Amino acid sequence: MSALVAFRNVSCRIGEKEILRELSLGVEAGDTLVLLGRSGSGKTTALKMVNGLLQPSAGEVVVEGTATTAWDPIRLKRRIGYVIQEAGLFPHFTVEDNVGLVPRLEGWPPDKIQARVQGLLEQVGLPPAEFAARYPRELSGGQRQRVGVARALAADPPLLLFDEPFGALDPITRVELQRQFLELRRRLGKTAIFVTHDVREALVVATRIALLHDGRLVLLCTPAEFLRAQGEEIRAFLACLDTKVEPS
Amino acid sequence: MTFEITPDLAGEIMDLTVEHLVLVGVSMGIAIALALPAGILLTRRAPLRRWVIGFANVMQTVPSLALFGFLIPLPLIGGIGKHTAIVALVLYALLPVLRNTLTGILGVDPAVRESAIAMGMTGRQLLYQVELPLAARTILAGVRVATVTTIGTATIAAAIGGGGLGVFIFRGLASVDSTLILAGAVPAALIALLADGGLGWVEKKLSPG
């Protein structure tokens with residue numbers, strides 16, 4: 001079976017700095033691949049190459065059998081859902097207009113867009129009657145993030161990209177949204193690539209974890225294997241799990 | 001000292017007020033038509049920015065009376081009359097509109113711009129659906145400043161035969177007649193206040209969200 005997304009010897013150089021070095025990995029349909037790493041490990045760079053926000057300086061990223069450079073850039077982006085930290089919602093659009101954005105760009109008829117938006121808001125736990133007409137500034141951080149997820153799902157893309165989506169949320173909201181993520185995945189069976197620096201989050205949401213360090217792939221394995229794996233960078237991340245808190 | 005507004009004077013005030021409004025309206029129309037697209041273009045061409053903003057800055061620093069004077073000997077755009085006045089007023093109005101267009105568009109949250117691109121918006125959709133609506137208030141604030149300034153500066157246009165309410169002011173200065181000076185200055189001030197209030201109101205209406 002061919003992978004939905006494949007990185008083939010992908011390197012990325014921005015100026016003099018080599019951000020990503022010869023990354024090769026595949027993402028199968030239904031997988032949630034977590035790109036785990038410290039700040040500057042190249043994980044976000046790798047993610048942005050999938051929907052063509054960045055181009056590889058060597059190698060190629062293949063999406064649904066076609067290299068990203070050969071895709072029509074607009075078509076590629078509209079086939080891939082994208083969720084970022086703080087959601088990146090349009091402040092001048094209502095929740096409804098934010099969620100219906102890609103269907104509108106794709107020219108869906110208005111009644112179909114409205115039905116779709118209502119359904120999605122229900123799915124992410126925001127009753128449309130209460131939330132559809134609000135503006136992003138009238139929402140909490142967690143609610144904004146839910147709208148961001150609904151917007152990414154709107155045109156029913158086969159693949160979703162998450163760039164530290166829950167990074168700016170308080171720990172409780174974060175766990176809620178992780179739970180919702182798992183539930184949506186079970187229900188919709190989407191493929192996802194998920195960037196985080198939080199090893200807990202990685203272990204919760206991943207079906208496979210790719211650990212990046214200094215632009216190189218250190219390890220690609222399941223969460224269970226990750227817990228047993230050896231190596232300096234792996235130990236550094238696993239140590240985050242063991243930290244005991246001693247009240248003074 | 002008495003101020004008497006004869007029917008003759010009242011009629012002339014009306015005529016010159018209309019002339020003044022036309023002068024300001026045409027100048028602002030041209031200035032916006034030039035500065036808005038130029039501002040948008042400059043958000044996409046960083047290296048050009050310094051030069052164009054520099055030019056507009058220099059234009060603003062030239063005293064208005066001197067600028068009107070400089071323009072008189074120039075072929076095509078110069079000479080005596082309305083068109084020279086309009087050229088000068090346009091040069092003055094360019095900077096605030098241009099600068100605010102740049103500031104407004106460049107001030108759009110990078111996360112919002114990135115997500116617009118990642119959602120698959122074309123460059124045109126990004127501009128019309130995201131950048132311009134979010135920059136609208138800032139751009140309009142520039143138009144407001146430029147309009148109010150132009151209403152004042154336009155009184156000097158009378159010095160080179162541009163007409164408008166400045167005609168009263170220069171005539172009053174020459175004949176040491178306060179009534180005439182006020183006949184020009186008061187309507188000009190009122191127009192400026194009305195324009196400021198009106199554009200301020202529109203600006204509030206444009207508040208995003």
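Residues numbered from 1 in each chain as written. Chains lettered and ligands numbered in written order. Predicted model: local features only at pLDDT ≥ 70, side-chain atom pairs only at ≥ 80, totals over all residues.

## Observations regarding the overall build of chain B
Secondary structure summary: chain B contains eight helices and zero strands in total. Starting at the N terminus and walking to the C terminus, you meet the elements of chain B as α-α-α-α-α-α-α-α. With the C-alpha coordinates of chain B rotated into their principal frame, the extents come out at 70 × 40 × 20 Å. Residues counted as buried form 38% of the 209 residues belonging to chain B. Within chain B, counting contacts between residues at least 6 apart in sequence, those at least 24 apart form 73% of the total. (Helix = DSSP H or I, 4+ residues; strand = E, 2+ residues; numbered from the N terminus. Buried ≥ 20, exposed ≤ 12 C-beta atoms within 10 Å, placed from the backbone. Contact = placed C-beta atoms within 7 Å.)

## Overview of the overall build of chain A
For chain A, the helix and strand inventory stands at 11 helices and 10 strands. Its C-alpha atoms give chain A a radius of gyration of 18 Å, within 12% of the compact-globule value 18 Å for 248 residues. Across the 248 residues of chain A, 42% fall into the buried class. (Rg over C-alpha atoms; globule rule 2.2 N^0.38 Å.)

## Quick notes on the nonpolar core
Ranked by size, the top nonpolar core spans 123 residues in total, and within it V34, L35, L36 and I193 of chain A together with L94 of chain B carry the most contacts. The leading source of residues in this core is helix α4 (residues 82-106) of chain B, at 14 residues. Those residues in contact with L35 of chain A that sit more than four places away from it in its chain are K43, A46, L47, I193, V195, A210 and L212 of chain A. (Core = buried A, V, L, I, M, F, W, Y, C linked by C-beta atoms within 7 Å.)

## Some thoughts on the confidence of the model for chain A
Per-residue pLDDT for chain A has a mean of 90; in total, 99% of the residues score no lower than 70. The secondary structure element of chain A with the lowest average pLDDT is helix α11 (residues 232-242) of chain A, at 84, and the one with the highest is helix α3 (residues 95-99) of chain A, at 95. (pLDDT = per-residue confidence, 0-100.)

## What to know about the interface of chain A and chain B
Residue-level contacts link 17 residues of chain A with 16 residues of chain B. Taken together, the elements giving at least two residues each to the side of chain A that touches chain B come down to α2 (73-78), β6 (80-84) and α4 (101-105) of chain A. Per-class residue counts for the side of chain A that touches chain B are 10 nonpolar, three polar and four charged. (Nonpolar A, V, L, I, M, F, W, Y, C, P; charged D, E, K, R; others polar.)

## Some details on the sheet that holds strand β10 (residues 216-221) of chain A
Either a parallel or an antiparallel arrangement is found when strands of a sheet pair, and the pairing is made through backbone hydrogen bonds. Residue and element names in this part refer to chain A. Here we have six strands laid out as an open sheet, ordered β6-β7-β8-β3-β9-β10, and mixed in their pairing. Two strands lie at the open edges of the sheet, namely β6 and β10, each paired on one side alone. Taken pair by pair, the neighbouring strands of this sheet meet at an average axis angle of 15 degrees, ignoring direction. As defined by bridge partners, strand β3 (residues 32-37) adjoins strand β8 (residues 191-196) across five bridges and the pair is classed as parallel. Paired with L36 across the bridge in β8 is T196. (Pairing = 2+ DSSP bridges. Axes fitted to C-alpha atoms, helices over the stretch in contact; angles between N-to-C directions.)

## With respect to the packing of helix α7 (residues 141-153) of chain A against helix α8 (residues 171-188) of chain A
All names here are of chain A. In contact at an axis separation of 10 Å, α7 and α8 are set at 25 degrees when each is read in the N-to-C sense. As summarised for this structure, α7 and α8 are arranged roughly parallel, according to the angle between their axes. For the pair α7 and α8, the sense of crossing is right-handed. Residues G141, G142 and Q145 of α7 pack against T173, E176 and L177 of α8. (Parallel < 35°, antiparallel > 145°, perpendicular 65-115°, else oblique. Left-handed = near helix turned anticlockwise from the far one by under 90°.)

## As for the pairing of strand β2 (residues 17-27) of chain A
Residue and element names in this part refer to chain A. Bridge count for strand β1 (residues 5-14) against β2 is seven bridges, and the pairing is antiparallel. Its bridge partner being in β2, F7 is matched across the sheet by L25. Counting the residues in the hairpin turn of β1 and β2 gives two residues, including G15, whose phi is positive at 65 degrees.

## With respect to the environment of F166 of chain A
All names here are of chain A. You can see F166 is positioned in the loop between β7 (159-163) and α8. Counting along the chain gives 48 residues from F166 to Q118, while the straight-line C-alpha distance between them is 23 Å. In contact with F166, other than residues within four places in its own chain, are Q145, R174, L177, Q178 and E201.

## Brief notes about helix α5 (residues 110-123) of chain A
Residue and element names in this part refer to chain A. The terminal C-alpha atoms of α5, which comprises 14 residues, lie 20 Å apart, in line with the 20 Å expected from a rise of 1.5 Å per residue. Considered for burial, the residues of α5 that qualify are I113, V117, L120 and L121. For α5, the angular spread of buried residues about the axis comes to 100 degrees, placing them on one side. Seen from the buried face of α5, the exposed residues on the opposite side, beyond 90 degrees, are D111, K112, A115 and E122. Note on α5: the residue one or two positions beyond its end, G125, has a positive phi of about 80 degrees. (Expected span 1.5 Å × (residues − 1). Arc of directions from axis to C-beta.)

## Quick look at the sheet that holds β2 of chain A
The antiparallel open sheet is built from four strands, whose spatial order is β2-β1-β4-β5 (chain A). Each of the sheet's edge strands pairs with one partner strand only, and the pair in question is β2 and β5 (66-67) of chain A.

## Considerations on the packing of helix α3 (residues 64-71) of chain B against α4 of chain B
Pairs of packed helices are described in terms of their axes, by the angle between the two and the distance that separates them. Residues and elements named next belong to chain B. Contact pair α3 / α4: the axes reach a minimum separation of 10 Å and the direction vectors enclose 130 degrees. The pairing of α3 with α4 is recorded here as oblique in orientation. Viewed along their axes, α3 and α4 form a crossing whose handedness is right-handed. The segment α3 lies against α4, with L67, F68 and L71 engaging T84, V87, A88 and L91. A breakdown of the residues in the contact of α3 with α4 according to their chemical character gives six nonpolar, one polar and no charged.

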